[in-house]
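# Fold and contact review
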Amino acid sequence: QVQLQESGPGLVKPSQMISLTCTVSDGSITAKYDAWNWIRQTPGKGLEWIGAISYDGSTYYSPSLKSRTSISRDASRNQFYLQLSSVAPEDTAVYYCARAEYSSNSYWAPFNSWGQGTQVTVSS
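Starting afresh in each chain, residues are numbered from 1 along the sequence in its written order. Where local features are concerned, this predicted model is filtered to residues with pLDDT of at least 70; where side-chain atom pairs are given and counted, the filter is 80 or more; whole-chain, interface and lining totals use all residues. Only hydrogens and water are removed before side-chain values are computed, so all heavy atoms of the structure are retained for them.

## Some words on the overall build of the protein
Each helix is a run of H or I in the DSSP string that is no shorter than four residues. Each strand is a run of E no shorter than two, and both are numbered from the N terminus. A count of helical and extended segments in the protein gives zero helices and eleven strands. Walking the protein from its N terminus toward its C terminus, one meets helices and strands in the order β-β-β-β-β-β-β-β-β-β-β. Within these notes, the globule rule equals 2.2 Å times the number of residues to the 0.38 power, and the radius of gyration is based on C-alpha atoms. A globule of 124 residues ought to have a C-alpha radius of gyration of about 14 Å, and the protein, at 14 Å, matches this closely. Over its C-alpha atoms, taken along the principal directions, the protein stretches across nearly 45 × 25 × 25 Å. Residue burial is assigned from relative accessible area. The probe radius is 1.4 Å, only protein chains are included, and a residue is buried under 20% of its type maximum, exposed over 50%, and partly exposed in between. Among the 124 residues that make up the protein, the fraction classed as buried is 41%. Any two residues whose heavy atoms approach within 4.5 Å at even a single point are treated as in contact. Residue pairs in contact within the protein that sit at least 24 positions apart in sequence constitute 55% of those at least 6 positions apart. Note on areas: these come from Shrake-Rupley sampling with a 1.4 Å probe, and a residue is covered only by the protein chains present in the view. Roughly 6,700 Å² of accessible area belongs to the protein as shown, and the carbon and sulfur atoms make up 48% of that amount. We count Lys and Arg on the positive side and Asp and Glu on the negative side, and we leave His and both chain ends out. One atom stands in for each charge, and that atom is NZ of Lys, CZ of Arg, CG of Asp or CD of Glu. Charged side chains in the protein number 9 positive and 9 negative. The centres of these two groups are separated by 5 Å.

## Brief notes about the pairing of strand S11 (residues 118-122)
Residues Thr 118, Val 120 and Val 122 of S11 are buried on one face, while the alternating residues Gln 119 and Thr 121, pointing to the opposite face, are not. At least two DSSP bridges between two strands are needed for those strands to be called paired. Here two bridges tie strand S2 (residues 11-12) to S11, and the two strands are oriented parallel to one another. By the bridge assignment for S11, Val 12 is matched with Val 122. In the sheet, strand S9 (residues 93-101) pairs with S11 via three bridges, with the strands oriented antiparallel.

## A closer look at the sheet that holds strand S1 (residues 3-7)
A sheet is described by the order of its strands in space; here four strands give the open sequence S1-S3-S8-S7, paired in antiparallel fashion. Looking at the sheet topology across the chains shown, the edges are occupied by S1 and strand S7 (69-74). Strand-to-strand twist across the sheet, computed as the mean angle between neighbouring axes with direction ignored, equals 20°. Axes, fitted as lines to C-alpha atoms, cover a helix only where it is in contact. Angles between the N-to-C directions of the axes lie from 0 to 180 degrees.

## Some words on the pairing of strand S5 (residues 46-54)
Across eight bridges, the pairing between strand S4 (residues 34-42) and S5 is antiparallel. Of the residues in S5, the one forming a bridge with Arg 40 is Glu 48. The hairpin turn running from S4 into S5, its antiparallel successor, is three residues long. Note: S5 against strand S6 (residues 59-61), three bridges, orientation antiparallel. Note that in S6 the partner of Gly 51 across the bridge is Tyr 61. What sits between S5 and S6 in their antiparallel hairpin is a turn of four residues, with Gly 57 showing a positive phi close to 95°.

## Overview of the state of the cysteines
Cysteine sulfur atoms are paired as a disulfide whenever they come within 2.5 Å of each other. A complete count under the given rule lists one disulfide for this structure. A sulfur-sulfur separation of 2.1 Å characterises the disulfide bridge that pairs Cys 22 with Cys 97. What sets the handedness of the Cys 22 and Cys 97 disulfide is the S-S torsion sign, and at about 70° it is right-handed. Linking Cys 22 in strand S3 (residues 18-25) with Cys 97 in strand S9, this pair joins segments that are 75 residues apart in sequence. Note on Cys 97: relative accessible area 0%, which makes it buried.

Encoded structure:
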């Protein structure tokens, strides 16, 4: 089973940047046709998709967060990353990384593997 683990600072000051790493084991982030996602969860808004990076390096972002979101990867380390800039207290959430496993002819896929989540608090 593929395993994912989030890591990064748990406390970030307002106006600064959330930087998180997802480390993948027992799987490859370049394997066709997987997509590697960032999702966050808050009590008020529930689950919110942030964005993803596909097996070929293509990136996709939620329209509401695109202007301040960057997702990248290091295939040699089997890791992908999230940077969320200009953060505010409303960005406080549990942040998850998750895999969506597509096939060659599919147009949607479930998130079938999840990390445990990491709490990120934005506070001065």
